[in-house]
Amino acid sequence: MTWDRRVGRPVVYGLAAMGEQGVRRIIEMLKDEFEITMALSGCPRVKDISRSHVRTERDRLRSML
C-alpha cells in the first residue's frame, strides 16, 4: 500500500462526513500523531529523522531471514 493511499483515505472520509472541517480535523490528527511519533523516537525536529528511524517492508522481510 502506498503512502498516499494511507493518508488519502482518511481525508476523503473526513470530507464525506464533515466537509472542509472534516478534512481539517483529519489533517490535525495526522499532524498530532506524527509529532507524538517523533517525540517517542527522540526527534524534536523533522530534520532529526534519519534512515535509522524508518523501517520499510524490505527491512521487515530481511529481519525474518
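## Things to note about the overall build of the protein
Looking only at helices and strands, the protein has two helices and zero strands in total. Scaling as 2.2 N^0.38, a compact globule of 65 residues should have a C-alpha radius of gyration of about 11 Å, whereas the protein reaches 15 Å, well beyond that. In terms of principal-axis extent, the alpha carbons of the protein reach across some 45 × 30 × 15 Å. In the protein, which comprises 65 residues, the share counted as buried stands at 11%. Only carbon and sulfur atoms are counted for the fraction: they give 61% of the accessible area of the protein, which is about 5,800 Å². Taking the average place of the 13 positive charges on the side chains of the protein and the average place of its 9 negative ones, the gap between the two points comes to 7 Å.

## Some thoughts on the pattern of salt bridges
A side chain of one charge can pair with a side chain of the opposite charge when the charged atoms of the two come close. Under the defined criterion, the tally for this structure stands at seven salt bridges. Linking E28 and R25 is a salt bridge whose minimum nitrogen-to-oxygen distance equals 3.2 Å. With E28 and R25 both in helix α1 (residues 3-40), this residue pair falls three residues apart, about one helical turn. Here K31 and E35 are joined by a salt bridge, their closest N and O atoms 3.2 Å apart. In this pair, K31 and E35 both sit in helix α1, four residues apart, roughly one turn of the helix. Under the relative-accessibility criterion, K31 is labelled partly exposed at 47%. Because the salt bridges share partners, they merge into one network encompassing R51, D59 and R62.

## Here we look at a nonpolar patch on the surface
On the surface, a cluster of nonpolar side chains totalling about 330 Å² of accessible area is made up of F34, V46, I49 and V54. Following the sequence through the fold, V46 ends up in the loop between α1 and α2 (57-63). Given a relative accessible area of 54%, V46 falls into the exposed group.

Reading guide: rules and limits
Residues numbered from 1 in each chain as written. Predicted model: local features only at pLDDT ≥ 70, side-chain atom pairs only at ≥ 80, totals over all residues. Heavy atoms only, no water. Helix = DSSP H or I, 4+ residues; strand = E, 2+ residues; numbered from the N terminus. Rg over C-alpha atoms; globule rule 2.2 N^0.38 Å. Buried < 20%, exposed > 50% of the residue type's maximum accessible area, 1.4 Å probe, protein only. Areas by Shrake-Rupley, 256 points an atom, 1.4 Å probe, with all protein chains shown as cover. Lys, Arg positive; Asp, Glu negative; His and termini not counted. Charge placed at Lys NZ, Arg CZ, Asp CG, Glu CD. Salt bridge = Lys/Arg side-chain N within 4 Å of Asp/Glu carboxyl O. Patch = residues over 30% accessible without salt bridge, like charges linked within 9 Å, V, L, I, M, F, W, Y side chains within 5 Å.

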